[in-house]
Amino acid sequence: MPNVQSINQNTLSDALPDFRNWGVMLRSLLLVNGMVLLVAIAQATSWQDIVARMLGLSALLQPVLLLNLSLLFMLNPWLERLTYKKGTAVVLLLAMTVTLMVYHLGGKLSLYTIVHGNFYSGRNALLGSVIAGLLLVYFRFRVRVLSPAVDAARLQALQARIRPHFLFNSINAVLGIVRADPKRAETALEDMADLFRMAMAQDDDLVTVRQEVALARQYLALEQLRLGERLKVNWYTENMPDDALLPPLVLQPLLENAVYHGIEPLAKDGFVDIKLYRNGNEMHLEVYNPRQEQGGHHVGNKMALSNIRERLALQFDVEASYKVEIGKDFYRVHIKLPYVQEIPKPFFFA
Amino acid sequence: MNDVESPLTIFIVDDEPPARNRIKDLLADCSEQMPLQLVGEAGNGYEALDKLSGVQVDVVLVDIRMPQMDGIELARHLNKLPTPPAIIFTTAYDVYAIQAFELHAIDYLLKPIRIGRLLDALTRTRSAVPLRGEKLQELTPEPRKNIAIHERGKIHLIPIEQVMYLRAELKYVTLRTVEREYLVEETLGALEKEFAIRFIRIHRNCLVAKDEIVGFEKIVDEKSGDSYWAVNLKKLNETLPISRRQQFIVKEFG
């Protein structure tokens, strides 16, 4: 499944970076060139010499780097199926081979003067794989930093996903209708069960936007039970691709925020607008809610929102963005992420 | 005082209809064990004050988190009634409020409310001493959004933005809005402390809304020949003298 990695937040799964992600490519280019610049500075004897050395090193380095990245881009689907250890071995071997190839081919084309002796070949091959190794270490480290791995962080994330305020008020609301409208109380409890099952789910595999919307609707039904006419919702989903994939629980916490900060402190009724649409290779999520200048709830749900941010960064790197617009009387969150399609499962998996 | 036989009259304030329903169900269950009577309900603080002025009730169940006016502010206004009701706070989840209640030993009920807890709390109100205003103020760092004025058995709420100045005169504090003056049964000192963000003290007996100050003028007393600074107000054609000790205000406002 291309692009669909499991980003398990609880037990850290080691995985190679997604070599088709712009963020990963950009980071690789910047880091390697940064290292080369350091070497150039270390060897240089004057300021002009830095540039000269950089150019000299680049002659071999840039072709190797670009060729490596393109090969990894092509091999990405295959690499994803390997275990982390095997994948790492392949990447290191590839770096070594490409370095040697370019070095010798370049020599034939007399781009570089090949100094006879195995030392230079060996040195370049070694450097190539060491640099590739360092990059892999960096990406692995980045995943660790972005994943709340420690138990405390996991608990925090869980609490942020289920706001106690929502939990106890909802239970109270269900109790309030259980005698008068038992059927509605049953539905409400079922909605709550689904919501909590999702919030407590151990894995963070991508889900379809269809599932995410269904969950959001269940959540809003619960809030409407409590708030009645005060909560009005507009859905704009005409241009929403049903099969788009996104990390779970991205939309629902945004809505919870919209209700908590936007609707609850409002004296009259208010609208929450939800827009989901695709624009080329991008998937967009927008949530709009009214905002009170004063007298709103002060304690925010920063944790849930930073959790969304981190998960988006972990999954999509620079290809996802999270923007907040705070107006005089409104609050708008706009999330952009790459449009990843659900791959229909082959029938023998069904 | 109520004798034991007369039913306890109860009023419910909560912004969520199902939550009010739940309390009504529970009160119906409680009525098997103690005589009580639900006399009304309200969805927000303003409605509650409106319905409760002129009516005497024994107990008001007040939700803490409500839009516009929170439960603690409502309780402070209810305290101004001639015979203030006993107040039982209810909340589903509010770490800050619960800490404050524990600290001040004030009764509260956690939603979902259990019938046993509700019965206990209702029983206790028979002997309870009404909460004091200052104690309620300590519960929250937030200033009220309104000042309650008690006039002819009714409660008037004056939104704090409408208050031009507050001036202590003999026994009472006068509150001035654009339209008229009201008498407030609170001390200037307590008001200054609570609304420090909005008012500034210009004189031993006077607090002025900072936003309402439009300028300053020097006034010469014709008899004594002494001169002093005074505040000009935006919406009122009045000048308020600044005491010598507070004259630095003139410089600060520039």
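Not measured: the values here are computed from a predicted model. (Residues numbered from 1 in each chain as written. Chains lettered and ligands numbered in written order. Predicted model: local features only at pLDDT ≥ 70, side-chain atom pairs only at ≥ 80, totals over all residues.)

### A closer look at the overall build of chain B
- The helix and strand tally for chain B stands at 8 helices and 15 strands.
- For chain B, the spread of C-alpha atoms along the principal axes amounts to about 75 × 35 × 30 Å.
- Residues counted as buried form 33% of the 254 residues belonging to chain B.
- The contacts of chain B with a sequence gap of at least 6 include a subset with a gap of at least 24, amounting to 55%. (Helix = DSSP H or I, 4+ residues; strand = E, 2+ residues; numbered from the N terminus. Buried ≥ 20, exposed ≤ 12 C-beta atoms within 10 Å, placed from the backbone. Contact = placed C-beta atoms within 7 Å.)

### Examining the overall build of chain A
- The secondary structure content of chain A amounts to 10 helices and 7 strands.
- Considering chain A as a whole, with its 350 residues, one finds that 31% of them fall into the buried category.
- Within chain A, counting contacts between residues at least 6 apart in sequence, those at least 24 apart form 78% of the total.

### As for the sheet that holds strand β6 (residues 321-326) of chain A
Residue and element names in this part refer to chain A.
- Spatially, 5 strands are ordered β2-β4-β5-β7-β6 in an open sheet, and the strand pairing comes out mixed. The two strands at the open ends of the sheet, each matched to only one other strand, are β2 (231-236) and β6. Neighbouring strand axes in the sheet, compared pairwise and without regard to direction, differ in orientation by 10 degrees on average.
- Where strand β4 (residues 270-279) lies against strand β5 (residues 282-290), 7 bridges are found, and the strand directions are antiparallel. (Pairing = 2+ DSSP bridges. Axes fitted to C-alpha atoms, helices over the stretch in contact; angles between N-to-C directions.)

### Some thoughts on the sheet that holds strand β13 (residues 213-220) of chain B
Residue and element names in this part refer to chain B.
- Pairing within the open sheet is antiparallel, and its 3 strands lie in the order β13-β14-β15. The open sheet is flanked by β13 and β15 (239-241), the only strands paired with a single partner. Taken pair by pair, the neighbouring strands of this sheet meet at an average axis angle of 35 degrees, ignoring direction.
- Taken together, the 3 bridges between strand β14 (residues 227-233) and β15 define a ladder with antiparallel strand orientation. By the bridge assignment for β15, V231 is matched with L240.

### Considering the packing of helix α6 (residues 164-177) of chain A against helix α8 (residues 209-227) of chain A
All names here are of chain A.
- One can describe the packing of α6 onto α8 by two numbers: an axis separation of 9 Å at closest approach and a directional angle of 65 degrees. Between α6 and α8 lies a crossing of left-handed hand. On α8, the residues touching N169, S170 and A173 of α6 are L222, L225 and R226.
- The residue inventory of the contact of α6 with α8, partitioned by class, reads 3 nonpolar, 2 polar and 1 charged. (Left-handed = near helix turned anticlockwise from the far one by under 90°. Nonpolar A, V, L, I, M, F, W, Y, C, P; charged D, E, K, R; others polar.)

### Notes on the confidence of the model for chain B
- Confidence in the prediction of chain B, expressed as mean pLDDT, is 87, and 95% of residues score 70 or more.
- Listed scores for the predicted complex are pTM 0.72 and ipTM 0.75. (pLDDT = per-residue confidence, 0-100.)

### Quick word on the interface of chain A and chain B
- Listed as interface residues are 21 residues of chain A and, on the opposing side, 14 residues of chain B.
- Contributing elements (two or more residues each) for the side of chain A that touches chain B: α6 and α8 of chain A.
- Broken down by element, the side of chain A that touches chain B gets its largest block of residues, 10 residues, from α6 of chain A.
- Looking at the side of chain A that touches chain B residue by residue, the class counts come to 12 nonpolar, 6 polar and 3 charged.

### Side note on the pairing of strand β11 (residues 199-203) of chain B
Residue and element names in this part refer to chain B.
- Pairing of β11 with strand β12 (residues 206-209), which is carried by 4 bridges, proceeds in the antiparallel orientation. Note that in β12 the partner of F199 across the bridge is A209.
- Counting the residues between successive antiparallel strands, the hairpin from β11 to β12 contains 2 residues.

### Re the nonpolar core
- Counting residues in hydrophobic clusters, the biggest one holds 82 residues, and the most contacted among them are L246, L255 and V287 of chain A together with V13, V59, V60 and L61 of chain B.
- Here the element with the most residues in this core is α8 of chain A; it accounts for 8 residues.
- Among residues more than four places away in sequence, those in contact with V59 of chain B are L8, I10, P85, A86, I88, L122 and T125 of chain B. (Core = buried A, V, L, I, M, F, W, Y, C linked by C-beta atoms within 7 Å.)

### Digging into the packing of helix α2 (residues 45-52) of chain B against helix α3 (residues 71-78) of chain B
All names here are of chain B.
- Following both chains from N to C, one finds α2 and α3 inclined at 20 degrees, their axes separated by 10 Å at the closest point. Taken together, α2 and α3 sit at an angle that is classed as roughly parallel. Pair α2 / α3 crosses with right-handed handedness. Packed against α2, whose contacting residues are G45, A48, L49 and L52, the element α3 presents E73, L74, H77 and L78 at the interface.
- Class assignment for the residues of the contact of α2 with α3 results in 5 nonpolar, 2 polar and 1 charged. (Parallel < 35°, antiparallel > 145°, perpendicular 65-115°, else oblique.)

### What about helix α1 (residues 17-30) of chain B?
- Here α1 of chain B is 14 residues long and its end C-alpha atoms lie 20 Å apart, about the 20 Å a rise of 1.5 Å per residue gives.
- Burial in α1 of chain B covers these residues: P18, A19, N21, R22, I23, L26 and C30 of chain B.
- Buried residues belonging to α1 of chain B abut α6 and α8 of chain A together with β1 (8-13), β2 (36-42), β3 (59-63) and α5 (115-125) of chain B. (Expected span 1.5 Å × (residues − 1).)

### Some remarks on α2 of chain B
All names here are of chain B.
- Where α2 is concerned, the buried positions are G45, A48, L49 and L52. Along the axis of α2, the buried positions cluster into a sector of 95 degrees, meaning they face one direction only.
- Where α2 terminates, the next one or two residues include G54, which has phi positive at roughly 90 degrees. (Arc of directions from axis to C-beta.)

### Thoughts on the environment of L249 of chain A
- Locating L249 of chain A in the fold gives a position in the loop between β3 (245-246) and α9 (251-263).
- Placed 209 residues apart in sequence, L249 of chain A and A40 of chain A show a C-alpha to C-alpha distance of 47 Å.

### What about the environment of A199 of chain A?
Residue and element names in this part refer to chain A.
- Mapped onto the elements, A199 comes out in helix α7 (residues 182-199).
- A199 sits in the partly exposed class, given 19 other C-beta atoms within 10 Å.
- On a C-alpha basis, the gap between A199 and L249 in space is 7.3 Å, while along the polypeptide they are 50 residues apart.

### A few points about the confidence of the model for chain A
- The share of residues in chain A with pLDDT of 70 or more is 83%, and the mean pLDDT across the chain is 82.
- Across chain A, β2 of chain A holds the top mean pLDDT of 96, while helix α5 (residues 151-161) of chain A sits lowest at 58.

### Things to note about the environment of P7 of chain B
Residues and elements named next belong to chain B.
- For P7, the location among the structural elements is in the segment before β1.
- Taking the number of C-beta atoms within 10 Å as the measure of exposure, P7 has 14 and is therefore partly exposed.
- Here the alpha-carbon distance between P7 and L38, two residues 31 residues apart in the chain, equals 9.5 Å.
- Setting aside its immediate chain neighbours within four residues, P7 contacts P35, L36 and Q37.

### Observations concerning the pairing of β6 of chain A
Residue and element names in this part refer to chain A.
- Along β6, only 0 of the 6 residues are buried, which leaves the element largely exposed.
- The pairing of β6 with strand β7 (residues 330-338) spans 6 bridges and is antiparallel. Opposite V324, over in β7, you have V333 as the bridge partner.
- Linkage of β6 to β7, two consecutive antiparallel strands, is achieved through a turn of 3 residues.

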